[in-house]
Each structure stands twice: as structure tokens, then as C-alpha cells.
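Chain and residue survey
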Amino acid sequence: QVHLVESGGGLVQAGGSLRLSCVASGRYGRGWFRQGPGKEREFVAAISWSGAKIYYADSVKGRFTISRDNAKNTVYLQMNSLKPDDTAVYYCAASSRYIDPGTQGVRYEYWGQGTQVAVSS
């Protein structure tokens, strides 16, 4: 069993920035997903174990950056130029497909509890 712990959520004004962190040990591909109020869960970003493969949702390209520090077992999501539409619970996930975890939620076996991000206009 893999235990994922997210942190870094909070309330920010539109145009601001936040950095989310997710700590989990093991050789896994990692992803970030989010679920806004009244919305389905959606993919945000993913990174392979080596960092060679990185994916972003079109809605966050150019604003969000995913990265990882394997020595610290941590994956980061730097979120800049935040918009009210980015308001959601953000979930970190881990996939045993560590070479290429992909963008689909079903490819991820382990999930964190989520961290709330709220962007005010």
C-alpha cells in the first residue's frame, strides 16, 4: 500500500500562485487530478519516474508546472496565474506504470486525500 500526503492548498486571489506537494515513497509515475464543485474529476498533470515524460491538460498548459525530487519522494505542482476556474480539490495519485503513467485516472492505483485550492476573483 502506498500512502500519499498532499499539502500546499489554500485560498489565493486570481493571478496568484500556489505550490502543491505530494510525498510518497516508491518507484511510481505520479499525477495530479482535480475535482471542482459540481464537476467530474479531471486530469491536470503527470510525470514519469525519470521525469522524461510529462503531460499537461490543455487548460493548465503554460501556467502549471509539474516536477519531482525522487531523493525526497516528492512531486510538486507549481500553479501560476491562477483563475477562479482552477478552484477544486486537488488529488495526488501514483501509478505502477512508472515509465509512462499517462493521463487517465484508471492507470493510477493509489490516491491521496486531496487538498483544497480556492481562487477568488
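The following refers to the structure shown. Everything quoted here is computed from the prediction, not taken from an experiment.

With respect to the state of the cysteines
In protein chemistry, a disulfide is the covalent bond that joins the sulfur atoms of two cysteines. According to the stated counting rule, one finds 1 disulfide in the structure shown. Between the sulfur atoms of Cys 22 and its disulfide mate Cys 92 the distance is 2.1 Å. For the disulfide bridge between Cys 22 and Cys 92, the dihedral angle about the S-S bond is near -85°, and by the sign convention the bridge is left-handed. Of the two residues, Cys 22 sits in strand β3 (residues 18-23) while Cys 92 sits in strand β9 (residues 88-95), which places them 70 residues apart along the sequence. One exposure class covers both Cys 22 and Cys 92, and it is buried.

Describing the nonpolar core
Within the largest apolar cluster, 31 residues are counted, with the highest numbers of intra-cluster contacts made by Trp 32, Val 44, Phe 64, Leu 77, Met 79 and Tyr 90. Elements represented by at least two residues in this core include exactly β3, β4 (29-35), β5 (42-47), β7 (64-69), β8 (74-79), β9 and β11 (115-120). Dropping the residues within four chain positions of it, Tyr 90 is found in contact with Glu 6, Leu 20, Trp 32, Phe 33, Arg 34, Val 44, Phe 64, Leu 77, Met 79, Gly 114, Thr 115 and Val 117.

Each value, and the rule that gives it
- Residues numbered from 1 in each chain as written.
- Predicted model: local features only at pLDDT ≥ 70, side-chain atom pairs only at ≥ 80, totals over all residues.
- Heavy atoms only, no water.
- Disulfide = S-S within 2.5 Å.
- Helix = DSSP H or I, 4+ residues; strand = E, 2+ residues; numbered from the N terminus.
- Buried < 20%, exposed > 50% of the residue type's maximum accessible area, 1.4 Å probe, protein only.
- Core = buried A, V, L, I, M, F, W, Y, C linked by side-chain atoms within 4.5 Å.
- Contact = heavy atoms within 4.5 Å.

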